[in-house]
Amino acid sequence: MARIVILTGAGISAESGIRTFRAADGLWEEHRVEDVATPEAFERDPALVHRFYNMRRRQLLSEGVQPNDAHRALARLERELPGQVLVVTQNIDDLHERGGSSDVIHMHGELLTSRCLACGLAVETRGDVDGSTACPVCGVAGRLRPNVVWFGEVPLQMDRIQEELAGCELFAAIGTSGNVYPAAGFVHFADSMGARTVELNLEPSRSLFSEVREGPATRTVPEWVEELLSGR
């Protein structure tokens, strides 16, 4: 059971060059949510959905996108407090892992994997996928879908997340708006179970945290981690 549970959102990856998923105008990289991030969209136009996620995958794997100081600071926290730190991320990139974190729950799935609708397995995916791509496990073509949680689908590993939140002493939210459920409810649940809560964000959300630190994640997270470790 982790003593510290950390929720991360788009804000921690934005400083690594990953564009935040939803823009101010509500469009996701110039596409409507309904066209690229629902099961219905994939059934209606799988080619468009594949193109959208292929573009995002290429961006993630480009040379300019690397873990930043916030990712590395969380990895340091896990390394120096073994078995006591869990990262729950809403992000589908692999920057936490590349930054050195090992205990990471991707509640919204992972961009660098696909799920085969024929055999049900998740497979590593680093190249483009289209309607002719065969599953490397079962060999069936045209049945791969992005292994991400779309609107209308249930986030992953919710049972473990709830269990960890119920038992943690400290809950932190980094770079997340606090508007999307179920993640938006994590702070209230952790608080009700007696945990201390802290938000690190460019601007405070409307959620009730016991402590708020404003600023970019690359500054606030390393400072916060340093304070935690120096106060052991």
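Residues numbered from 1 in each chain as written. Predicted model: local features only at pLDDT ≥ 70, side-chain atom pairs only at ≥ 80, totals over all residues. Heavy atoms only, no water.

1. Examining the pairing of strand β8 (residues 196-201)
Among the six residues of β8, five are classified as buried, and the element is accordingly described as predominantly covered. Of the pairings in the sheet, the one linking strand β7 (residues 170-174) to β8 comprises five bridges and is parallel in character. The residue of β8 that forms the bridge with Leu-170 is Arg-196. Viewed along the sheet, the connection from β7 through helix α8 (residues 186-192) into β8 turns out right-handed. Taken together, the four bridges between β8 and strand β9 (residues 211-214) define a ladder with parallel strand orientation. Bridge pairing in β9 places Val-198 opposite Glu-211. (Buried < 20%, exposed > 50% of the residue type's maximum accessible area, 1.4 Å probe, protein only. Helix = DSSP H or I, 4+ residues; strand = E, 2+ residues; numbered from the N terminus. Pairing = 2+ DSSP bridges. Right-handed = clockwise from strand over helix to strand, strands pointing away.)

2. Digging into the side chain of Thr-113
With respect to the helices and strands, Thr-113 occurs in strand β4 (residues 109-116). Among the polar contacts listed, one links the side chain of Thr-113 to the side chain of Asn-147, at a separation of 3.0 Å. Dropping the residues within four chain positions of it, Thr-113 is found in contact with Val-123, Glu-124, Thr-125, Pro-146 and Asn-147. (Polar contact = N/O pair within 3.5 Å; in protein donor to acceptor, adjacent residues only side chain to side chain. Contact = heavy atoms within 4.5 Å.)

3. Points about the UniProt feature "binding site: substrate" (unreviewed entry) in the chain
In the numbering adopted here, UniProt assigns the feature "binding site: substrate" (unreviewed entry) to Tyr-53 and Arg-56. Mapped onto the secondary structure, Tyr-53 falls in helix α4 (residues 46-61). Look at Tyr-53 and you get buried, because its relative accessible area is 1%. As for its position among the elements, Arg-56 is in helix α4. (UniProt positions renumbered as here; feature names shortened; annotations may be inferred.)

4. Quick notes on helix α5 (residues 69-80)
In a regular helix each residue adds 1.5 Å, so 12 residues correspond to 16 Å; α5 covers 16 Å between its end C-alpha atoms and thus fits that length. Of all the positions in α5, only Ala-70, His-71, Ala-73, Leu-74, Ala-75, Leu-77 and Glu-78 are classed as buried. In this structure, the buried residues of α5 make contact with β1 (4-8), α1 (10-14), β2 (85-89), α6 (95-99), β7 and α9 (217-230). One side-chain oxygen of the residue at the start of α5 lies 2.8 Å from the amide nitrogen of Ala-70, identifying that residue as Asn-68. (Expected span 1.5 Å × (residues − 1).)

5. Observations regarding unusual backbone geometry
Here Tyr-181 and Pro-182 are connected by a cis peptide whose omega angle stands at 10°. Within the secondary structure, Pro-182 sits in the loop between β7 and α8. Positive phi, normally seen in glycine, also occurs at Gln-157, with a value near 55°. Tracing the chain through its elements places Gln-157 in the loop between β6 (144-148) and α7 (158-167).

6. Description of the sheet that holds β8
Judged by pairing direction, the sheet is parallel, and its six strands sit side by side in the order β3-β2-β1-β7-β8-β9 without closing on themselves. The open sheet has two edge strands with one neighbour each: β3 (104-106) and β9. On average, adjacent strands in this sheet sit at an angle of 15° to one another, irrespective of strand direction. Both β1 and β2 contribute to a ladder of five bridges, which runs parallel. Bridging from a neighbouring strand, Leu-7 pairs with Val-88 of β2. Contacts from α7 reach β1, β2, β3 and β7 within the one sheet, and its direction differs from that of β2 by about 135°. (Axes fitted to C-alpha atoms, helices over the stretch in contact; angles between N-to-C directions.)

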